[in-house]
Amino acid sequence: MDWITVLQNLGLPELVKKLVEFLLTKAYTEVSRLQGLEDEIDKLRRTHKRIQFLLIDAEERRHIEDEAVKGWLRELKTVGFDADDLLDGFQTLIDVFKHSKEAPSHKRKRSWYGIPIPSLGVDTGLVRRYNIATEVAKIQSRLDEIYKSRKNLRLKPSDGRQRNDGPNVAVFVPTVASLDVSRIVGRSKKRDSIVADLKADSSSPLRVIAIYGTAGIGKTTLAQLVFDHFSESDREDVSPDPTVSLSGVKRHFEMTIWVSLPKVCDTARATKEIIEGITGKICKLPSLNHLQDRLKKFVKGKKFLLVLDNFWAEDFKFWDNLRLPLLEGAKGSSVLITTQNEEVSRRVANMPSMHLEGLEMNDCRELFNAFAFPQAKEDVDQLKDIGEQIVGRCRGSPLAAISLGKLLSSETTVDNWEIVLDEMLALEDNKTPQILPSLMISYHHLNYQLKQCFTYCSIFPDNFEFDKDQLVRMWIAEGLIQQNGRRRLEAIGSRLFDYLLWMSFFERSTKCSDGTTCKYTMPNLIHDLARLLSKHELLVMEDNKLNASSGQFRYASLLHRKHVPILFEKIYHQEHLRALKFCNESKIEMVGIPKDLFDKLKYLRLLDLSNSGIENLPDSVGKLVHLRYLGLSGTSVKELPESVKDLYNLQTLELNFCSNLSSLPEGTSNLVNLRHLGLHLDWEQINDLNSMPTGIDRLTSLMTLSRFTVTNNVDGCNLRELKNLDLRGELCICKLENITNASDAREANLGEKHIDKLMLRWSGDTSNVQQGENICEEVVNGLRPYKYLKCLWILNYPGSKFPDWLENSVFSSLEMVRLSCSGECESLPSLGQLPKLKHLHIEGMKKLRNLKNMKGFPSLETLMIKDMPDLNMLCEFEGDNFPKLSNIYVDSKCPNLRRRPEDLPSRIEFTIIPQSTYNANGNDVSS
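Residues numbered from 1 in each chain as written. Predicted model: local features only at pLDDT ≥ 70, side-chain atom pairs only at ≥ 80, totals over all residues. Heavy atoms only, no water.

### A few points about the overall build of the protein
- Scanning the protein from terminus to terminus reveals 24 helices and 30 strands.
- Looking at the protein as a whole, 52% of its 927 residues qualify as buried.
- About 42,700 Å² of surface is accessible on the protein, with carbon and sulfur atoms providing 47% of the total. (Helix = DSSP H or I, 4+ residues; strand = E, 2+ residues; numbered from the N terminus. Buried < 20%, exposed > 50% of the residue type's maximum accessible area, 1.4 Å probe, protein only. Areas by Shrake-Rupley, 256 points an atom, 1.4 Å probe, with all protein chains shown as cover.)

Printed below as a string of structure tokens:
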């Protein structure tokens with residue numbers, strides 16, 4: 001007897017009977033849905049894959065022009081995002097359960113946000129299962145509606161004009177030889193003209209020259225040619241005084257500064273940028289008055305060249321205030337600006353401005369051919385005929401000629417060249433800026449993965465400088481990098497980045513220099529293109545003003561310059577955001593993060609609050625179960641909430657330059673998917689963490705661990721826990737005095753890790769508390785590093801002899817060595833045969849009297865000597881010793897070397913420095 005018959009036999013009133021029947025039917029449906037949840041999830045996975053295949057086909061093989069079809073694809077993509085969120089949440093529940101079963105019994109989690117962990121198998125928590133089943137049903141219903149609208153639009157698999165396949169990134173090889181061509185074609189005369197104007201005598205206290213022209217026409221490249229002429233090529237090599245070397249002193253300018261200005265920039269921001277361009281350090285002065293006073297001191301009496309690239313301000317007061325401290329410079333000081341606005345050039349310049357127009361046809365053709373024909377091709381004459389027509393439509397833009405030349409460099413068929421030409425003709429009537437069509441074509445011919453990676457970068461503001469490794473990690477967090485065989489995701493992402501760089505979607509920042517990590521930016525036109533393409537997915541909030549108020553956005557970019565609270569509640573309704581990035585490049589104070597923010601934005605994959613100045617992160621951050629990337633670099637956080645341990649999917653935790661950070665959560669070892677734990681600090685001012693959380697060895701995916709503190713606690717994290725971790729990049733091991741058993745150092749297995757920058761640091765004041773007389777020497781010998789190490793610091797070393805492995809010729813990649821001794825070291829290791837060693841810093845060897853045994857050093861450029869009171873004789877510079885040495889720095893704690901030695905070759909500068917004023921590379925680090 002079924003339940004309907006039973007209900008009829010109860011003799012209930014008809015209305016009650018119908019109500020009970022409805023409720024029981026509803027309950028039966030829900031129970032059936034719960035019982036079939038796994039089948040529904042599998043069905044949703046298959047549907048999600050089909051959505052991805054359709055989107056890929058539309059992006060890579062079809063040129064969709066109909067706006068209704070574009071809208072249909074956007075709607076489909078939205079459902080794809082929501083399905084991805086649901087599948088990710090369900091898979092996380094299952095993975096957490098499996099991980100909990102594998103964990104030691106005392107570390108097993110009994111619940112996860114109120115869901116009993118043991119019930120996550122076939123019988124997942126009932127409430128949670130019900131919610132998931134309901135969401136699956138909603139998504140399936142939305143998909144049914146979308147497919148119905150497809151029929152209404154009469155869409156067929158053949159819709160859209162088919163285009164050729166995207167590039168094969170795996171076989172891409174850039175042609176380096178042609179890179180120099182792009183910097184000189186058609187611009188040498190312009191460069192020489194500006195150089196002549198800057199060298200000429202002038203009665204003006206500050207010469208100002210402007211280069212103006214449309215976006216993408218080559219203004220920045222021309223300014224770089226001028227800048228490089230003065231900052232690199234034009235040097236004095238001979239001094240009339242044989243005891244004084246002028247190597248490295250510019251003939252025409254004592255100081256050259258490059259500053260790229262953002263579109264929105266006040267006088268204080270611009271002044272700060274100039275100061276940072278001079279010092280190479282972040283400027284934290286609070287007010288315009290303080291900034292101007294500091295800038296006056298830097299330029300006073302010095303002849304300088306300042307390039308202000310991308311000058312937008314039309315307000316004359318901006319320039320009038322900005323130039324005031326610059327007037328303190330010596331006669332002949334000059335400013336070169338680049339701008340798109342002719343009116344700005346007229347107002348600012350006091351010398352003839354240069355209107356930069358497009359390249360001549362011959363020059364544009366030469367530039368295009370340099371990239372399009374790096375090697376011989378079949379049908380080259382026919383291809384060049386088509387190329388001639390393509391060049392004619394570049395309208396003299398170097399950026400267009402380069403990007404299209406690179407695009408076609410890997411194409412060998414006439415058909416594919418004609419496709420590009422046809423697309424240019426089709427886009428000529430586009431109302432977007434003149435140069436944009438050629439760049440749009442370069443974008444169209446990217447494969448789907450490259451397109452996704454490129455448009456994701458729209459999250460950055462214009463002129464924002466980003467780090468390659470961090471961007472790749474952001475792509476991985478968003479799921480844009482797919483596993484391909486056994487290659488690491490980071491290696492795949494790096495290859496994609498290099499291709500976009502090669503195609504001119506990215507460019508190296510002008511601030512890149514030796515000894516610093518290279519940063520990258522997007523050219524202005526490229527940034528405009530990225531913002532145009534992502535307008536339906538990116539939400540921008542600048543100084544609490546939204547660029548749009550409606551729509552379901554996936555990424556949010558926050559730029560905040562004012563000292564007022566950030567109104568996070570303005571984005572609360574964007575509950576499906578996958579990325580929230582704070583985009584200030586320098587720190588700004590923040591009152592705090594609202595506790596309910598993460599209740600509203602629960603689907604975040606990326607949360608980057610770097611440089612926000614926050615001190616505390618609310619416990620609710622642990623609710624972000626989808627989070628892959630948490631960025632807190634440059635903040636004032638002292639500790640993280642313990643709830644961080646619940647971020648099971650977290651791949652990247654960036655805590656670089658968090659100088660106040662004292663410890664990590666004890667549950668850090670629960671983050672089994674963690675790949676990168678960034679703890680970098682300035683090595684000159686490094687602070688030790690109180691301890692490391694135990695169980696680091698369980699983080700088997702970990703590749704980045706910038707700092708490791710050895711603890712003297714028996715139950716603490718031991719150095720041997722590093723044994724099986726595949727670490728790469730930078731590693732600072734601190735408090736080495738806490739190692740009481742030298743076998744721990746050997747078991748750390750540093751020689752098998754791809755560490756290229758290593759610091760081994762004792763605390764100095766407590767170096768002999770834990771270790772016996774000889775243990776420190778056994779420890780340092782046991783920490784023999786990777787043979788391709790590039791940078792090594794051994795600080796406060798309490799032993800009497802440096803490690804034997806340091807003299808091994810296998811370490812031929814070493815470029816920088818710093819040796820600091822707090823013990824009885826009386827001799828230096830033999831480093832003279834290291835072929836690439838450029839910088840050597842020795843310190844604290846108080847009994848060392850001379851450096852006569854230092855011989856060889858074929859590449860050494862800088863030698864720094866500090867705190868060596870008995871040292872009275874430098875090296876011997878005869879024969880083949882030190883052929884490239886240009887600078888010797890000696891501090892005030894070397895009393896026997898207070899004047900330049902008479903036998904020192906004139907080509908070598910000899911400088912007495914105050915204590916702690918210069919770093920190991922000879923760069924001024926004083927405030």
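And the narrative resumes.
### Looking at the packing of aromatic side chains
- Evaluation of the coordinates by the stated rule reveals 24 aromatic pairs.
- When the centroid spacing of 5.4 Å and the interplanar angle of 80° are considered together, the rings of Phe227 and Trp258 count as edge-to-face. A residue pair is termed long-range when its members are at least 10 positions apart, and Phe227 in helix H8 (residues 219-233) and Trp258 in strand E6 (residues 255-260) qualify at 31 residues.
- Overall, Phe227 belongs to the buried group, its relative accessible area being 12%.
- Between the aromatic rings of Phe311 and Trp319, the centroid separation amounts to 6.2 Å while the plane-to-plane angle is 75°, which identifies the pairing as edge-to-face.
- Overall, the relative accessible area of 3% leaves Trp319 in the buried class. (Phe/Tyr/Trp six-rings, centres within 6.5 Å; stacked < 30°, edge-to-face > 60°.)

### Topic: the environment of Val710
- Inspection of the secondary structure assignment puts Val710 in the loop between strand E22 (707-709) and strand E23 (728-734).
- Between the C-alpha atoms of Val710 and Ser691, which are 19 residues apart in sequence, the distance is 6.9 Å.
- If sequence neighbours within four positions are ignored, Val710 has contacts with Leu719, Ile733, Cys734, Lys735, Leu736, Asn738 and Ile739. (Contact = heavy atoms within 4.5 Å.)

### A word on the sheet that holds strand E14 (residues 545-546)
- Spatially, E14-E13-E15-E16-E17-E18-E19-E20-E21 is the arrangement adopted by the 9 strands of the open sheet, whose pairing is mixed. The open sheet terminates on both sides in strands that have one partner only, identified here as E14 and strand E21 (704-705).
- In this sheet, E14 lies alongside strand E13 (residues 538-542) in antiparallel orientation, the contact comprising 2 bridges. Of the residues in E14, the one forming a bridge with Met541 is Leu546.
- Most of the contacts of helix H19 (residues 468-478) go to strand E18 (residues 629-631), to which it runs at about 140°, and overall it touches strand E15 (555-559), strand E16 (579-582), strand E17 (606-608), E18, strand E19 (652-654), strand E20 (676-678) and E21. (Pairing = 2+ DSSP bridges. Axes fitted to C-alpha atoms, helices over the stretch in contact; angles between N-to-C directions.)

### Things to note about the pairing of strand E29 (residues 887-891)
- The buried count for E29 comes to 5 of 5 residues, which makes it a mostly enclosed element.
- Neither face of E29 is left uncovered, since the one carrying Asn887, Tyr889 and Asp891 and the one carrying Ile888 and Val890 both have all their residues buried.
- Of the pairings in the sheet, the one linking strand E28 (residues 862-866) to E29 comprises 4 bridges and is parallel in character. When the sheet's bridge partners are listed, Ile865 is paired in E29 with Val890.
- With 5 bridges joining them, E29 and strand E30 (residues 909-913) adopt parallel strand pairing. Paired with Tyr889 across the two strands is Thr911, which belongs to E30.

### Section: the environment of Ala223
- Inspection of the secondary structure assignment puts Ala223 in helix H8.
- By relative accessible area, Ala223 is classed as buried at 0%.
- Linking Ala223 and Ala210, residues 13 residues apart in sequence, is a C-alpha distance of 9.8 Å.
- Apart from the residues lying within four places of it in its own chain, the contact partners of Ala223 are Ile211, Trp258, Val307, Leu336 and Thr338.

### Looking at the side chain of Ser612
- The residue Ser612 is located in the loop between E17 and E18 in this model.
- Residue classification places Ser612 among the buried residues on the basis of a relative accessible area of 0%.

### Details of the environment of Asp42
- Mapping Asp42 onto the fold places it in helix H3 (residues 37-61).
- According to the relative accessible area criterion, Asp42 is partly exposed, its value standing at 34%.
- Taking C-alpha positions, Asp42 is 9.3 Å from Leu87, a pair spaced 45 residues apart along the chain.
- One polar contact links Asp42 to Arg45, side chain to side chain, over a distance of 2.9 Å. (Polar contact = N/O pair within 3.5 Å; in protein donor to acceptor, adjacent residues only side chain to side chain.)

### Here's the deal with unusual backbone geometry
- A positive phi is found at Ser504, a non-glycine position, where the angle reads about 70°.
- Counting through the fold element by element, Ser504 comes out in the loop between helix H20 (489-502) and strand E11 (507-508).

### Points about the pattern of salt bridges
- Within the structure shown, the criterion is met by 36 salt bridges.
- Of the charged contacts in the structure, one is a salt bridge between Glu684 and Arg818, with a shortest N-O distance of 3.2 Å. Taken together, the positions of Glu684 in the loop between E20 and E21 and Arg818 in strand E26 (residues 816-821) put the pair 134 residues apart, joining distant regions of the chain.
- On the basis of relative accessibility, which here comes to 7%, the residue Arg818 falls in the buried class.
- Measuring nitrogen to oxygen at the nearest pair gives 3.2 Å for the salt bridge that ties Asp804 to Lys801.
- Here Asp804 falls in the partly exposed class, since its relative accessible area comes to 47%.
- Three or more residues joined by partner-sharing salt bridges are found here, namely Asp84, Asp85, Asp88, Glu478, Arg578, Arg605 and Arg628. (Salt bridge = Lys/Arg side-chain N within 4 Å of Asp/Glu carboxyl O.)

### Topic: the sheet that holds E11
- Across the sheet, 3 strands lie side by side as E10-E12-E11; this open sheet has antiparallel pairing. Two strands close off the open sheet at either side, each with one partner strand: strand E10 (466-467) and E11.
- Sheet topology places E10 next to strand E12 (residues 519-521); 2 bridges connect them, and they run antiparallel. When the sheet's bridge partners are listed, Phe466 is paired in E12 with Tyr520.

### Notes on the nonpolar core
- Core analysis: the biggest nonpolar cluster contains 111 residues, and Leu607, Leu655, Leu760 and Ile888 have the highest contact counts within it.
- Not counting residues up to four positions away in its chain, the partners in contact with Leu760 are Ile733, Leu736, Val780, Leu783, Trp793, Ile794, Leu795 and Trp805. (Core = buried A, V, L, I, M, F, W, Y, C linked by side-chain atoms within 4.5 Å.)

### Quick word on the packing of helix H14 (residues 380-392) against helix H16 (residues 414-427)
- One can describe the packing of H14 onto H16 by two numbers: an axis separation of 10 Å at closest approach and a directional angle of 10°. Put simply, H14 runs roughly parallel to H16. Residue-level inspection shows Gln382, Leu383, Ile386, Gly387, Gln389 and Ile390 of H14 in contact with H16, the latter providing Val414, Trp417, Glu418, Val420, Leu421 and Met424.
- A breakdown of the residues in the contact of H14 with H16 according to their chemical character gives 8 nonpolar, 3 polar and 1 charged. (Parallel < 35°, antiparallel > 145°, perpendicular 65-115°, else oblique. Nonpolar A, V, L, I, M, F, W, Y, C, P; charged D, E, K, R; others polar.)

### Considering the confidence of the model for the protein
- Averaged over the protein, the pLDDT score is 81; the fraction of residues at 70 or greater is 81%.
- Long-range and interchain partners of residues 233-250, a stretch whose pLDDT sits below 50, account for 29 contacts in this model, where long-range means more than four residues apart. (pLDDT = per-residue confidence, 0-100.)

### Observations regarding helix H10 (residues 288-299)
- In this model H10 runs 16 Å from its N-terminal to its C-terminal C-alpha over 12 residues, within 8% of the 16 Å that 1.5 Å per residue would give.
- Among the residues of H10, Leu291, Gln292, Leu295 and Val299 are the ones counted as buried. One face of H10 carries all of its buried residues, which in axial projection span an arc of 95°. In H10, the exposed positions angled more than 90 degrees off the buried face are occupied by Asn289 and Lys297.
- Looking at the buried residues of H10, the elements they touch are E6, helix H9 (267-279), strand E7 (304-309) and helix H11 (316-323).
- Remark: Gly301 follows H10 within two positions and exhibits a positive phi of approximately 75°. (Expected span 1.5 Å × (residues − 1). Arc of directions from axis to C-beta.)

### Thoughts on the state of the cysteines
- Taken as a whole and judged by the stated rule, the model has 0 disulfides.
- You can see Cys776 has no disulfide; the closest cysteine sulfur is in Cys825, sitting 8.7 Å from it.
- Note on Cys776: relative accessible area 2%, which makes it buried. (Disulfide = S-S within 2.5 Å.)

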